[in-house]
Amino acid sequence: MLTAAMLAACSNDSPTPQPQPEPPFVEPTPERVVYTQANVVYYGDEGFTGVSDLWKVMLYTDMDIDPAGNLVGPGKLICISCNAPLSEGMDLDALAGTYTMSQSSNDFSAGTFNDGRLMTIDLPDGSISMPDFSFYGEPADGATDFDPDLLREGYCSVVRNDDGTHTVEGIMTGTKFLKRYFSYTGIIEPVDRSETPAESIPNSNLTEDIRLEGMTQARLQDLGDYFFLQDGSYRMFRLMLAEPGVDISTSQASGDGRYLKLEILVEHDADVEQGLPAGEYAMCVREENGGIDRDQIRPWHVLPGLPDKFNNPDGSWYQHITSAGNMPQYARLAGGRIVVEAIEGVEGGRRIRIELTDCDAAAPHRVECTVDMIGKKIVKR
């Protein structure tokens, strides 16, 4: 009995309560935003996925719109990039449904949304980054830019109501780890851009033919088997020619002045120390995706400029740059030839005649330059 009493006494003892630590942060209460405006754009099967049509659903609070089409704060906006079932054309009934996160960045299955991401746009005056696909933002008073929350998880539903309106609502989270509750009910008047080509920056702003004089600097590099064919069929030389104020010590020119960047395919046994081999080099053609057909990767060819690469151009480009960061004149080179001749009586001397044209298909402008070189250096004529 004594043992039982002792056990009973022990069982009635309770530990002294200990103070609980304060949580390290206070979780914010999710805000439920009711949007008043909607902008819905239909792009069709823009990416040739064969499984879905792309729709952009942009919801926003009452905000002004500037002449460039940007929303001007203060306000809130949310954009959802929806992969809807394939349809014969712009059909709002096809947009109705629920959209959840995709399995991967290459998953365009109907009923998914595309993850938000930052897109870098290369412009003649520098590169800019902007959100694309699915994102949330809050432009400040008088501003059009914002720090985006790139949305990655959650869902969005689009419902057609009996009165002809639509309700768009959902919950999404992104890179800021905050829940975005959103809803909109109203008329949706979609815009069809399925047949509208994507806008692009012109890759040449030349208005006349130009002839480059006064090139005093040269940089000739051996880039070897640039395309990794590993068959000993060619090698690539990069030739940069520049005026005195341009720094071409790296592949990305800087400073003030005009320069040419040319990528030239030569025979595999060519020695860069001896300069460009004498002969004629024809401009080859890039495919629509920017690639070069295997059959054209062979000696005696010049690589055209890679489109939309203004600030660190690939292929062959002409540019007039300034230390202020702008580019008064530029041209992606896409046609013509380079002729390299031995200079009579000058050992190792080469006269390089550059007779190229820009990428303006309707009325190409000529870009011409002649320099004399011995090995890798320019010499005065």
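Residues numbered from 1 in each chain as written. Predicted model: local features only at pLDDT ≥ 70, side-chain atom pairs only at ≥ 80, totals over all residues. Heavy atoms only, no water.

**Q** Hey, could you go over the overall build of the protein for me, with residue numbers and the actual values?
**A** Helix and strand counts for the protein come out as two helices and 28 strands. Over its C-alpha atoms, taken along the principal directions, the protein stretches across nearly 120 × 70 × 45 Å. Taking all 381 residues of the protein together, the buried fraction comes to 41%. For the protein, the proportion of contacts with a sequence separation of at least 24, taken over those separated by at least 6, is 55%. (Helix = DSSP H or I, 4+ residues; strand = E, 2+ residues; numbered from the N terminus. Buried < 20%, exposed > 50% of the residue type's maximum accessible area, 1.4 Å probe, protein only. Contact = heavy atoms within 4.5 Å.)

**Q** Residues and numbers for the nonpolar core, please.
**A** In this structure, Leu260 and Ile338 are the most contacted members of the largest nonpolar core, which totals 30 residues. Of all the secondary structure elements, the ones that give two or more residues to this core are β16 (210-212), β18 (235-242), β21 (257-266), β22 (279-283), β25 (329-342), β26 (349-358) and β27 (366-374). If we skip the residues at most four places from it in the chain, Leu260 touches Leu212, Leu239, Met240, Leu241, Trp317, Tyr318, Leu333, Ile354, Val367 and Cys369. If you look at the next biggest cluster of nonpolar residues, it comprises 24 residues, including Tyr35, Cys82, Cys156 and Ile188. (Core = buried A, V, L, I, M, F, W, Y, C linked by side-chain atoms within 4.5 Å.)

**Q** Give a description of the pattern of salt bridges that names residues and reports values.
**A** Scanning the model with the defined rule gives 18 salt bridges in all. We note a salt bridge from Asp147 to Lys176, for which the minimum N-O separation is 2.7 Å. Placement of Asp147 in the loop between β11 (135-137) and β12 (149-160) and of Lys176 in the loop between β13 (166-174) and β14 (180-186) is noted, with a sequence separation of 29 residues between them. Here Arg238 and Glu263 are joined by a salt bridge, their closest N and O atoms 2.8 Å apart. (Salt bridge = Lys/Arg side-chain N within 4 Å of Asp/Glu carboxyl O.)

**Q** How would you summarise the environment of Val340 if you had to cite specific residues and measurements?
**A** The residue Val340 is located in strand β25 in this model. Contact partners of Val340, with chain neighbours within four places excluded, come to Leu276, Pro277, Ala278, Gly279, Tyr281, Arg350, Arg351 and Ile352.

**Q** Break down the environment of Val272 for me, citing the residues and quoting the values.
**A** Along the chain, the position of Val272 falls in the loop between β21 and β22. A relative accessible area of 11% means that Val272 is categorised as buried. Separated by 154 residues in sequence, Val272 and Leu118 place their C-alpha atoms 40 Å apart. In this structure, Val272 is in contact with Leu220, Gln221, Asp222, Phe237 and Lys376, ignoring residues within four places of it in sequence.

**Q** Describe the side chain of Ser204, naming the residues involved and giving the relevant values.
**A** In this fold, Ser204 is placed in the loop between β15 (191-192) and β16. A distance of 2.8 Å separates the side chain of Ser204 from the side chain of Asp358, its partner in a polar contact. (Polar contact = N/O pair within 3.5 Å; in protein donor to acceptor, adjacent residues only side chain to side chain.)

**Q** I'd love a proper account of a negative patch on the surface, names of residues and values included.
**A** Where like charges cluster on the molecular surface, the negative patch consists of Glu287, Glu288, Asp293 and Asp295. With respect to the helices and strands, Asp295 occurs in the loop between β22 and β23 (301-302). (Patch = residues over 30% accessible without salt bridge, like charges linked within 9 Å, V, L, I, M, F, W, Y side chains within 5 Å. Areas by Shrake-Rupley, 256 points an atom, 1.4 Å probe, with all protein chains shown as cover. Lys, Arg positive; Asp, Glu negative; His and termini not counted. Charge placed at Lys NZ, Arg CZ, Asp CG, Glu CD.)

**Q** Break down the pairing of β25 for me, citing the residues and quoting the values.
**A** Note: β22 against β25, four bridges, orientation antiparallel. Bridging across to β25, Glu280 finds its partner in Val339. When β25 meets β26, the two strands line up antiparallel, connected through nine bridges. Looking at the pairing, Val339 lines up with Arg353 of β26. Connecting β25 to the antiparallel partner β26 that follows it, the hairpin turn spans six residues, and Gly345 within it adopts a positive phi of roughly 85 degrees. (Pairing = 2+ DSSP bridges.)

**Q** Report on unusual backbone geometry, specifying residues and quantitative values.
**A** Cis geometry marks the peptide bond from Gly73 to Pro74, where omega comes out at 15 degrees. Inspection of the secondary structure assignment puts Pro74 in the loop between β5 (71-72) and β6 (77-84). Here the phi dihedral of Phe177 falls at roughly 60 degrees; this positive angle occurs in a residue that is not glycine. With respect to the secondary-structure elements, Phe177 resides in the loop between β13 and β14. The residue Phe228 is not glycine, and still its phi comes out positive at about 55 degrees. Tracing the chain through its elements places Phe228 in the loop between β17 (217-224) and β18. For Phe228, a relative accessible area of 66% gives the class exposed.

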